[in-house]
Amino acid sequence: MSIFDAIKKSVLEGFSPEITLVDIVIALALAFVSGLFILLIYRLTMRGVSRNRTFEITLLLITPISAMIVLTITSNLALSLGMVGALSIIRFRTAIKDASDTAFMFWSVAAGITAGAHFYKITIVASLFIGAAAFIVMKLSAHSARPYLLVIRANSDTAIDQAAKLIAEKGIKNRMSSLVDNGDYCEIIYEVAISGAHQKVVSSISRIPDVVSVSLVDCRN
C-alpha cells in the first residue's frame, strides 16, 4: 500500500455514511438537554436585572443546530468540505453587551459539536464542570466590590471636601473622574468600588451640610 492509499484510507475511515435514526435522536436530544442546562446556568449567573429573551432562545437553539451540522459533516466527505466553505463566509454582526455572553455562546456551540460527534461523555461531564465553575464564580463575585460612578453636587467647596474625607474614612477605593465649579454649585464625580450596603454610603454623604444631591450609578449601564 502506497502512502497516498494510506492517507486516503485514514481520511475515509473518519466518516460514517451510515447514521442510524437512533444516533440522530440521541445526539439531538442530548444537545437539547445540554442547551436547557446552559440556559439554566445563564439565568442563575446573569448579573443584569432584565432578561434578553432573544439571547436565551439563541442559547437553547444553537446547541441542537450545531449538533445537526456536525452529524451532517461526519457522514460525508464532500458535504463536509462544502459545509466548511459555506460557514466560512457567514459573519455574525450582533453586538454582545456582556463579555460573559460570548462564553455562553461558545459553550453552546461546543456542547452541540461534541454531542453531534457522538462524544456524549465529554458533553455531559464538561457541561456539568463548566456549569459548576460558572456558579461558583458567580457566588464569589457577588460579594466583591463593583464599579460605580458617585456623583456629588454641593453648594460649597467645604461640602465637597467633607464628602471626599468621608469616602476616604470608609475605605472606599476611588478615583476622581471630573470636577465642575460654575460659581453656583460644585459637582464632583468619583469612580468608586463599593460592595455591601450602597444606600448607607449615599445617605451618609447626603447628610453633609450644603450637599444638594448624591447619585450612585452602575458603570455597567
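The present account deals with the structure reproduced in this document. Keep in mind that what you see is a predicted model, and the values were worked out from it rather than measured. (Residues numbered from 1 in each chain as written. Predicted model: local features only at pLDDT ≥ 70, side-chain atom pairs only at ≥ 80, totals over all residues. Heavy atoms only, no water.)

## Some remarks on the pattern of salt bridges
Charged atoms that come close allow side chains of opposite charge to pair.
Move 1: This structure, assessed with the given rule, holds three salt bridges.
Move 2: The partner of Arg 175 in a salt bridge is Glu 191, with the nearest N and O atoms 2.7 Å apart. Taken together, the positions of Arg 175 in strand β2 (residues 173-181) and Glu 191 in strand β3 (residues 186-194) put the pair 16 residues apart, joining distant regions of the chain.
Move 3: Since its relative accessible area comes to 32%, Glu 191 is described here as partly exposed. (Salt bridge = Lys/Arg side-chain N within 4 Å of Asp/Glu carboxyl O. Helix = DSSP H or I, 4+ residues; strand = E, 2+ residues; numbered from the N terminus. Buried < 20%, exposed > 50% of the residue type's maximum accessible area, 1.4 Å probe, protein only.)

## Details of the packing of helix α3 (residues 53-73) against helix α5 (residues 99-116)
Move 1: For the pair α3 and α5, interaxial distance at closest approach is 7 Å and the crossing angle is 30°. One way to sum up the angle between α3 and α5 is to call them roughly parallel. Remark: the crossing between α3 and α5 carries right-handed chirality. Taking contact as the criterion, the partners of Phe 55, Thr 58, Leu 59, Ile 62, Thr 63, Ser 66, Ala 67, Val 70 and Leu 71 in α3 are, on α5, Asp 101, Phe 104, Met 105, Ser 108, Val 109, Ala 111, Gly 112, Ile 113 and Gly 116.
Move 2: Partitioning the contact of α3 with α5 into residue classes produces eleven nonpolar, six polar and one charged. (Axes fitted to C-alpha atoms, helices over the stretch in contact; angles between N-to-C directions. Parallel < 35°, antiparallel > 145°, perpendicular 65-115°, else oblique. Left-handed = near helix turned anticlockwise from the far one by under 90°. Contact = heavy atoms within 4.5 Å. Nonpolar A, V, L, I, M, F, W, Y, C, P; charged D, E, K, R; others polar.)

## Let's talk about unusual backbone geometry
Move 1: Located in the positive-phi region is His 118, a residue other than glycine, with phi close to 70°.
Move 2: Mapping His 118 onto the fold places it in the loop between α5 and α6 (120-142).
Move 3: At Asp 210, a position not held by glycine, the phi torsion is positive, near 75°.
Move 4: Counting through the fold element by element, Asp 210 comes out in the loop between α8 (198-206) and β4 (211-218).
Move 5: Residue Asp 210 is classed as partly exposed on the basis of its relative accessible area of 44%.

## Structural notes on α5
Move 1: Spanning 18 residues, α5 covers 27 Å between terminal C-alpha atoms, matching the ideal 26 Å at 1.5 Å per step.
Move 2: Among the residues trailing α5, His 118 stands out with phi positive, at a value near 70°. (Expected span 1.5 Å × (residues − 1).)

## A closer look at the packing of aromatic side chains
Move 1: Under the defined criterion, the tally for this structure stands at four aromatic pairs.
Move 2: Consider the rings of Phe 37 and Trp 107, whose centres lie 6.2 Å apart with planes at 85°: the pair is edge-to-face. Of this pair, Phe 37 sits in helix α2 (residues 21-45) while Trp 107 sits in helix α5; the two residues are 70 residues apart in sequence, bridging distant segments of the chain.
Move 3: Taking the relative accessible area as the measure of exposure, Trp 107 reaches 7% and is therefore buried.
Move 4: Judged by centre distance (5.2 Å) and plane angle (80°), the rings of Tyr 42 and Phe 104 are edge-to-face. Note that Tyr 42 is positioned in helix α2 and Phe 104 in helix α5, a separation of 62 residues in sequence.
Move 5: Feature note: the residues Phe 37, Tyr 42, Phe 55, Phe 104 and Trp 107 constitute an aromatic cluster, connected by ring pairs. (Phe/Tyr/Trp six-rings, centres within 6.5 Å; stacked < 30°, edge-to-face > 60°.)

## Describing the side chain of Ser 156
Move 1: If you trace the backbone, Ser 156 turns up in the loop between β1 (146-154) and α7 (157-169).
Move 2: Ser 156 gets classed as buried once you look at its relative accessible area, which sits at 17%.
Move 3: One polar contact links the side chain of Ser 156 to the main-chain amide nitrogen of Ala 159, over a distance of 3.4 Å. (Polar contact = N/O pair within 3.5 Å; in protein donor to acceptor, adjacent residues only side chain to side chain.)

## Overview of the sheet that holds β3
Move 1: Taken in spatial order, the four strands line up as β2-β3-β1-β4 in an open sheet, and their pairing is antiparallel. A strand with exactly one partner marks an edge of an open sheet, and here the two such strands are β2 and β4. If you compare each strand with its neighbour and ignore which way they point, the axes differ by 20° on average.
Move 2: Here β2 runs beside β3; their pairing, made up of eight bridges, is antiparallel. Bridge pairing links Lys 173 to Ala 193 in β3.
Move 3: Strands β1, β2, β3 and β4 of the sheet are contacted by α7, whose axis makes an angle of about 155° with β1. (Pairing = 2+ DSSP bridges.)

## Quick look at a nonpolar patch on the surface
Move 1: Together, Leu 21, Ile 24, Val 25, Leu 28, Ile 57, Leu 61, Ile 65 and Met 68 line one region of the surface with nonpolar side chains, adding up to about 700 Å² of accessible area.
Move 2: Residue assignment for the nonpolar patch shows that the elements contributing at least two residues are α2 and α3.
Move 3: With relative accessibility at 31%, the residue Leu 28 sits in the partly exposed group. (Patch = residues over 30% accessible without salt bridge, like charges linked within 9 Å, V, L, I, M, F, W, Y side chains within 5 Å. Areas by Shrake-Rupley, 256 points an atom, 1.4 Å probe, with all protein chains shown as cover.)

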